[in-house]
Amino acid sequence: MTISWTTRPETAADLVPIREVNLAAFPTPLEADLVEALRADPRAWIPGLSWVAEAPGGGVAGFALLTRCHVDGAPALTLGPCAVSPEYQRQGAGSAAIRAALRAAREQGENLVLVLGHAEYYPRFGFIPASRHAIRPPFDVADEYMMALAFDPTRPVPSGTIRYPEAFGI
């Protein structure tokens, strides 16, 4: 059965369910705690860029978050954490939330999104190795896992080292 996911920006009523989704999706509370720390950081948090995919009948099935980062001083976004409740994994909830968050970022005038993640998953959204834009993370990671998505190829894309929000602890 294919589910047609409804996506929307998070609301205050979603804060506990988003935490529960992150706790269920990951083996430790690190991602759930990271989401809360990012939400509390006015330099990282951007209203309208935290999205949920609603479960059939209500509730949060999936979640995607974009927050402010920088590439050598130029503003960019970082994608993550993203999470899906185990019962809805591999059914499109995560993809729906990610697509909605990316669409919202584009509509807000953002141009560059960075993600550290699965090289087989994120290219479906248009991500390519960040090294093609001469963008590098501040830590060692295989090239195929650090990816970038530029929405508008006519706009300049900064190059340099990524500076993550403080909550990432990098």
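Right, let's walk through the structure included here. The model shown is predicted, which means the values in this text are computed figures rather than measured ones.

What counts as what
- Every chain is numbered on its own, with residues counted from 1 as its sequence reads.
- In keeping with the model being predicted, local features are shown solely for residues with a pLDDT of at least 70 and side-chain atom pairs are shown and tallied solely at 80 or more, while totals for entire chains, interfaces and linings include all residues.
- Heavy atoms throughout the structure, all of them, feed into the side-chain values; hydrogens and water do not.
- What makes a salt bridge here is a side-chain nitrogen of Lys or Arg within 4 Å of a carboxyl oxygen of Asp or Glu, nothing more.
- Only runs of H or I of at least four residues qualify as helices and only runs of E of at least two qualify as strands under DSSP, and these elements are numbered from the N terminus.
- Three exposure classes are used, based on accessible area relative to the maximum for each residue type with a 1.4 Å probe and protein chains only: buried under 20%, partly exposed in between, and exposed over 50%.
- Any two strands with at least two DSSP bridges between them are considered paired.
- Note on contacts: a residue pair qualifies if any of its non-hydrogen atoms lie within 4.5 Å across the two residues.

**Observations regarding the pattern of salt bridges**
Then comes step 1: For the coordinates displayed, the defined rule picks out eight salt bridges.
Then comes step 2: In this structure, Asp-33 engages Arg-19 in a salt bridge whose closest nitrogen and oxygen atoms are separated by 2.8 Å. Highlighted residues: Asp-33 in helix H2 (residues 30-39) and Arg-19 in helix H1 (residues 15-25), separated in sequence by 14 residues.
Then comes step 3: What makes Arg-19 partly exposed here is its relative accessible area of 24%.
Then comes step 4: For Asp-41, the salt bridge goes to Arg-43, with nearest N and O atoms at 3.6 Å.
Then comes step 5: With a relative accessible area of 57%, Arg-43 lands in the exposed category.

**Points about unusual backbone geometry**
Then comes step 1: Between Gly-80 and the following residue, Pro-81, the backbone shows a cis peptide bond with an omega angle of 0°.
Then comes step 2: The residue Pro-81 is located in strand S4 (residues 74-84) in this model.
Then comes step 3: In this model, Asp-72 sits at a positive phi of 45°, which is unusual for a non-glycine residue.
Then comes step 4: Examined against the element boundaries, Asp-72 turns out to sit in the loop between strand S3 (60-71) and S4.
Then comes step 5: For Arg-90, which is not glycine, the phi dihedral falls at a positive 65°.
Then comes step 6: For Arg-90, the position within the fold is in the loop between S4 and helix H3 (93-107).
Then comes step 7: Overall, Arg-90 belongs to the exposed group, its relative accessible area being 84%.

**Thoughts on the pairing of S3**
Remark: a regular strand shows side chains that alternate across the two faces of the sheet.
Then comes step 1: Counting buried residues along S3, 12 of its 12 residues qualify, which places the element largely inside the surrounding structure.
Then comes step 2: The pairing of strand S2 (residues 50-54) with S3 spans five bridges and is antiparallel. Its bridge partner being in S3, Trp-51 is matched across the sheet by Ala-64.
Then comes step 3: Of the strand pairs in this sheet, S3 and S4 are connected by nine bridges, and their pairing is antiparallel. What sits directly across from Leu-66, in S4, is Leu-79.
Then comes step 4: In textbook terms, the turn of a hairpin is the stretch between consecutive antiparallel strands, and for S3 and S4 this stretch comprises two residues, one of which, Asp-72, has a positive phi near 45°.

**Quick word on the environment of Pro-165**
Then comes step 1: Looking at the secondary structure, you find Pro-165 in the segment after strand S9 (160-163).
Then comes step 2: Taking the C-alpha atoms as reference points, Pro-165 and Asp-72, 93 residues apart in sequence, are found 13 Å from one another.
Then comes step 3: With residues near it in sequence (within four places) discarded, Pro-165 still touches Leu-38, Asp-41, Ala-44, Thr-67, Arg-68, Cys-69 and Thr-78.

Remember, this is a structural readout, not a statement about activity or role.
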